[in-house]
Amino acid sequence: MLTFDERLKHVTLKIMRAKEHIAELERLLRAYLYSDPYIVGVKRDPQTRRLIYYVKSTEPVPDSISLVTGDAIQNMMSALDHLAYQIVCCDTEDNPPNPNWIYFPIAEDSAKYEAKKHGKMEGACQGTFDAIDSLKPYKGGNDLIWTLYQLNNIEKHRLLLTVGSHATGINL
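Treat the numbers as computed from the prediction; the structure is a model and nothing was measured. Every chain's residues receive numbers from 1 upward, in the order its sequence appears when written. At least 70 in pLDDT is required for a residue's local features to be given in this predicted model, at least 80 for side-chain atom pairs to be given and counted, and no such filter applies to totals for whole chains, interfaces and linings, which use all residues. Side-chain calculation: all heavy atoms of the structure are included, whereas hydrogens and water are not.

J.: Outline the pattern of salt bridges, listing residues and values.
T.: Whenever Lys or Arg places a side-chain nitrogen within 4 Å of a carboxyl oxygen from Asp or Glu, that contact is recorded as a salt bridge. Enumeration over the complete set of coordinates arrives at 5 salt bridges. Residue K112 is joined to E108 by a salt bridge in which the shortest nitrogen-to-oxygen separation is 2.9 Å. Three or more residues are tied together by salt bridges with common partners; here these are E114, K117 and D133.

Laid out in structure tokens, this is it:
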């Protein structure tokens, strides 16, 4: 039987890789924002004569930002699935009944979560479900996990839409 550290190796590797992607993403975002991708225009309101500032033009956000963001999200979601797999293996003495269909259970609401959780981690013991239940991995329970799940599903089928803004100051 595997040791605790051996079981967590792939989970840890996925998290470390996600952190590398996040560091790369921060570098890419910094480079994009420091390139002054926005041209701000100024005009006067004809009635009030007040200045109106507006974004005159923008440079497109590089595709690499979407790609690296998607890679980070995928690695974080994958870490949860690896964790679910290892937990089920522990609970079943390395004999999970459905090894190819183990996923960390996340759903769009608590009712759907309750309905699906046993199917996603077939063989897990009640203590395992109690621990995962406490995380509330569904929309309205733990919105961070829910958002990760949603972004991962979107990213698998299309590039994430990236929008950015960066204010460096305001002059009144």
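J.: How would you explain the pairing of strand β2 (residues 51-58) if you had to name every residue and give the values?
T.: The pairing criterion is simple: DSSP has to find at least two bridges between the two strands. Helix numbering and strand numbering both begin at the N terminus, where a helix is a DSSP run of H or I of at least 4 residues and a strand a DSSP run of E of at least 2. Sheet topology note: the strand β1 (residues 38-44)/β2 ladder contains 7 bridges and is antiparallel. When the bridges of β2 are listed, R44 appears paired with L51.

J.: Before we move on, could you go through helix α1 (residues 4-34) and cite the residues and values that matter?
T.: Given a rise of 1.5 Å per residue, 31 residues ought to cover 45 Å, and the 44 Å separating the end C-alpha atoms of α1 matches this to within 8%. Of all the residues in α1, the buried ones are R7, V11, A18, H21, L25, Y32 and L33. By definition, residues are in contact when any of their heavy atoms lie within 4.5 Å. Where the residues of α1 are buried, they touch β1 and α2 (63-91). Just beyond α1, the residue with positive phi is D36, at close to 55 degrees. Multiply 1.5 Å by the residue count of a helix minus one, and that product is the helix's expected span. Accessible area is worked out with a 1.4 Å probe on protein chains only. A residue is then buried under 20% of its type maximum, exposed over 50%, and partly exposed in between.

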